[in-house]
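# An overview of the molecular structure
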Amino acid sequence: MTDSYLPTTDGVVTAVIMTTHVLRSMGHEVFIMAPDPGPDYREEGVYYLRAIKFKQYTGYFIPIYPSIPTKLIRKINPDIIHVRGIACMALKAIVAAHFTKTPLVLTYDTVVTEVIQRYSPLKLKKETLVKYASIYLRSLLKRPSVIMVPTDCIGEELVNDLHIVSKRMETVPTGIDTSHFVNNGKGDLIREKYGLEDKRIVLFVGRLSFEKNVELVIRSIKPMDKDIVLMVVGDGPSKVELEALAEEEGLTDRVFFAGYVHGDELVDYYSCANVFVSASVFETQGFTVQEAMSTGLPVACGRGRAFAEFIRDGENGYLFDINEDDCREAIGKALDAPQCVLDASKKTAEEYGLAPMTEKLVKVYESVISQREVDR
């Protein structure tokens, strides 16, 4: 059960799709329940709950109607319910799990208190919104059998900052497909497409929203050598603003917006780049950074949350404080990264591969299911 799913594109959707694919390949049976985006976007085999568009965040849908899928879950008869998100779908999952006596686990993917003022329909002061959100989260997160977090730092924030008391907390990242994200030798095609054959390409891949802080990267690129260009892959509510910023800074010949790219073509973009950069300190795992590392790219990332947990500055990548000078310096170091950094970067990505991460997830599932049998 997930708060976001296709046609929405974000880290949660990526995690749901990847986890579903791998679990099915292992012989498990997986059902997806998601907010209904309308008949044009429905997928066969997905169970949809009636939803409305989320006006505050384009591309998202909220199953706000007071329906609980208890009958449907009884029909499916799952061994476990795994909900990703903390909004309407999580509430429905908790109620349905209670009435069907099905074990429930929840993955906390998004640091909602950091972006709540930007996207909340209630126009209140940030401290007020954070206060109410914290009360809600303390009530919500004490109910599932396990709260899973993508990185240790997110679990620490929940406990230390929001004072969450859960039945059990586990760090379970979503695996990335390291066999797919390999330099495929097709990067020259992308370079030719944009006329960048002789340029050094700094790449960003991700949803274009304010918390990704792409504007910092654009401004950081401006004073650098003219042969250094920025390729922005992704779409989202901030795209128009970012395009306007590039024009305002006189960088239309050095900042390129590729739009949303997926599948094999995304690997082409990773393969065309010299460096990957992210100035976000919002990430709870950072899929695209790990994908870039898997393809052999050096990475320069903001010093915070997930990035500071798996990137060791100067060893397998480069970290920077969130300002233009530090960002620019880190990009420069990454452009000149020695082979030992590239090797260590790729090795780190392998640690987040599909096999080890999915095995960890299945062990959590199995322990929760076993505990239900004991409790019976």
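Residues numbered from 1 in each chain as written. Predicted model: local features only at pLDDT ≥ 70, side-chain atom pairs only at ≥ 80, totals over all residues. Heavy atoms only, no water.

By size, the foremost hydrophobic cluster in this structure holds 36 residues, and its most contacted members are Leu203, Met231, Tyr270, Phe276 and Val289. Among the secondary structure elements, those contributing two or more residues to this core are α7 (187–194), β9 (200–205), β10 (228–233), α10 (264–272), α11 (287–294), β13 (299–302) and α12 (305–310). At five residues, α10 tops the list of elements feeding residues into this core. In this structure Phe276 touches Leu203, Phe204, Val205, Tyr270, Thr288, Val289, Ala292, Leu297, Pro298, Val299 and Ala300, once residues within four positions along its chain are discounted. Judged by nonpolar contacts, the second largest core, of 32 residues, contains Ile221, Ile228, Leu245 and Phe320. (Core = buried A, V, L, I, M, F, W, Y, C linked by side-chain atoms within 4.5 Å. Buried < 20%, exposed > 50% of the residue type's maximum accessible area, 1.4 Å probe, protein only. Helix = DSSP H or I, 4+ residues; strand = E, 2+ residues; numbered from the N terminus. Contact = heavy atoms within 4.5 Å.)

For helix α13 (residues 324–335), with twelve residues, the first-to-last C-alpha span of 16 Å sits near the 16 Å given by 1.5 Å per residue. Every buried residue of α13 is accounted for by Cys327, Arg328, Ala330, Ile331, Ala334 and Leu335. Each buried residue of α13 sits inside an arc of 165° when the element is viewed along its axis, so together they form one side. Among the residues of α13, the N-terminal cap falls to Asn323, whose side-chain oxygen and the backbone nitrogen of Asp325 are separated by 3.2 Å. (Expected span 1.5 Å × (residues − 1). Arc of directions from axis to C-beta. Polar contact = N/O pair within 3.5 Å; in protein donor to acceptor, adjacent residues only side chain to side chain.)

Moving on to the sheet that holds strand β5 (residues 81–84). Taken in spatial order, the four strands of this open sheet run β5-β6-β7-β8, and their pairing is parallel. Edge positions in the sheet fall to β5 and β8 (169–171), since each has one partner strand and no second. Across the sheet, the mean angle from the axis of one strand to that of its neighbour is 25°, orientation sign disregarded. Bridge count between strand β6 (residues 104–107) and strand β7 (residues 146–149): three bridges; the pairing is parallel. (Pairing = 2+ DSSP bridges. Axes fitted to C-alpha atoms, helices over the stretch in contact; angles between N-to-C directions.)

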